[in-house]
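# Remarks on the overall topology
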Amino acid sequence: MSEPSINRRMRSVEDLLDLMDGLFARESVRWTSDAGSAWWNNFYADRTRPVPFFADKPDENLARWVREGVLSPTRVLDLGSGPGRNALFLAERGYAVDAVDLSSAAVKWGRERAADRQLDVSFTCGNAFTLPPDALPGPYGLVYDSGCLHHLPPHRRISYLQLLQRTLAPGGYLGLACFARGKMGAEAPDEQLYQDGEFEAGIAFSPDDLRWVFADLGEIEIRPMATQDRDSPWFGESFLLTALFRRPE
């Protein structure tokens, strides 16, 4: 007679992170390959919805860094690319862009936009933090994230930093836009989020929060995103915080 199976499956950091994913209510999970993908596919299903970042225009901070020569053409990873508005902007300006998103609906839309504009962007549908290394091999001179970080639970920042460690080139840049403390997103301490088991609107960050998370990178700039009007060629909403860091050589 065989012994009853024992649920002792944890022997790696990833096993622990997977277990912690399960501490959150499924309806608030927006970062996993199953529940997260389903949530975002539903979100992108209706392209006519009045969602500000459905517009095919890049973040104003990214556009300024490019325009002012802070960032030069390089190989880029667009993390949580959605339908590719930032990826396409960079590709038009000579950057070689790999774009990754959980949502197959967003990736399909991005590929259509790229084809319409005859731009070469490599779109991948999947979880950037669990894809095999050869899917996003790097090294990248720029990792850009507009809205990914604030949808991750605290423990998945470990996955985020591991991805940067593996893919961001020495001297490369991390640019991001995330929910700003006092403007949008959960402001409870990290430990409280696990007690609540959800954070449906995402997590808010302050400049000091970002400095702490990315303490191994050099700070170039942290500032609120500049609001853009409807006719602007750039995207800008005041509830977002923008930042640019650089990895030491």
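For the structure itself, look to the data block above.
Model, not experiment: these values are computed from the prediction.

Each value, and the rule that gives it
- Residues numbered from 1 in each chain as written.
- Predicted model: local features only at pLDDT ≥ 70, side-chain atom pairs only at ≥ 80, totals over all residues.
- Heavy atoms only, no water.
- Helix = DSSP H or I, 4+ residues; strand = E, 2+ residues; numbered from the N terminus.
- Rg over C-alpha atoms; globule rule 2.2 N^0.38 Å.
- Buried < 20%, exposed > 50% of the residue type's maximum accessible area, 1.4 Å probe, protein only.
- Contact = heavy atoms within 4.5 Å.
- Areas by Shrake-Rupley, 256 points an atom, 1.4 Å probe, with all protein chains shown as cover.
- Disulfide = S-S within 2.5 Å.
- 1 Å grid on protein atoms, 1.4 Å probe; cavity = no way out; pocket = protein on both sides within 12 Å on 5 of 7 lines; lining within 4 Å.
- Points joined across faces, edges and corners; volume = space filled by probe spheres on them.
- Nonpolar A, V, L, I, M, F, W, Y, C, P; charged D, E, K, R; others polar.
- Polar contact = N/O pair within 3.5 Å; in protein donor to acceptor, adjacent residues only side chain to side chain.
- Core = buried A, V, L, I, M, F, W, Y, C linked by side-chain atoms within 4.5 Å.

Here we take up the overall build of the chain. Of regular secondary structure, the chain possesses eight helices and seven strands. In terms of overall size, the chain behaves like a compact globule, its C-alpha atoms giving a radius of gyration of 18 Å where 249 residues would be expected to give roughly 18 Å. Based on the C-alpha atoms only, the size of the chain along its principal axes is roughly 70 × 40 × 40 Å. Residues counted as buried form 50% of the 249 residues belonging to the chain. Sequence-distant contacts in the chain: of pairs separated by 6 or more residues, those separated by 24 or more amount to 71%. For the chain, the exposed surface amounts to about 12,300 Å²; the carbon and sulfur share of it is 51%.

All told, the structure shown has zero disulfides when counted by the stated rule. Of all cysteine sulfurs, the one in Cys 148 lies closest to Cys 125, which takes part in no disulfide; the gap is 14 Å. In this structure Cys 125 comes out as partly exposed when scored by relative accessible area, which is 38%. Counting only cysteine sulfurs, Cys 178 is the nearest neighbor of Cys 148, a cysteine outside any disulfide, at a range of 11 Å.

Turning our eyes to something else, we now look at the layout of surface pockets. There is about 690 Å³ of room inside the largest pocket. Around the largest pocket sit 36 residues that line it, and Trp 40, Ser 146, Gly 147, His 150 and His 151 are the ones nearest its centre. Secondary structure elements with two or more residues in the lining of the largest pocket: helix H2 (35–44), strand E1 (75–79), helix H4 (85–92), strand E2 (96–101) and strand E5 (168–179). A total of four residues in the lining of the largest pocket trace back to one element, the largest contributor, which is H2. Its residues placed into classes, the lining of the largest pocket shows 22 nonpolar, 10 polar and four charged. Lining the second largest pocket we find 15 residues, and of these Arg 157, Asp 190, Phe 205, Trp 212 and Val 213 sit closest to its centre. Listed by contribution, the elements that provide at least two residues to the lining of the second largest pocket are helix H6 (156–167) and helix H8 (207–213).

Okay, H2 next. Taken together, the buried positions of H2 are Ala 35, Gly 36, Ser 37, Trp 40, Phe 43 and Tyr 44. Packed against the buried residues of H2 are helix H5 (104–116).

All right, on to the environment of Glu 219 then. Mapping Glu 219 onto the fold places it in strand E6 (residues 218–224). Taking C-alpha positions, Glu 219 is 27 Å from Glu 92, a pair spaced 127 residues apart along the chain. In this view, Glu 219 contacts Arg 211, Leu 244 and Phe 245; residues no more than four positions away in its chain are not counted. A distance of 2.7 Å separates polar atoms of two side chains, one belonging to Glu 219 and the other to Arg 211.

The topology assignment puts Glu 249 in the segment after strand E7 (240–246). Glu 249 sits 156 residues away from Arg 93 along the chain, and the two C-alpha atoms are 25 Å apart. Look past the residues within four positions of Glu 249 in its chain and what remains in contact with it is Pro 170 and Gly 171. Looking at Glu 249, its side chain comes within polar contact range of the side chain of Arg 246, at 3.4 Å.

This part covers the nonpolar core. Judged by nonpolar contacts, the single largest core of 35 residues is most densely connected at Leu 79, Tyr 160, Leu 174, Leu 176, Leu 210 and Phe 214. Elements that contribute at least two residues to this core include exactly E1, strand E4 (140–146), H6, E5, H8 and E7. Setting aside residues no more than four positions away along its own chain, Tyr 160 makes contact with Leu 79, Phe 129, Asp 145, Leu 149, Leu 152, Leu 174, Leu 176 and Phe 214.

That's the geometry; what it means functionally is another story.
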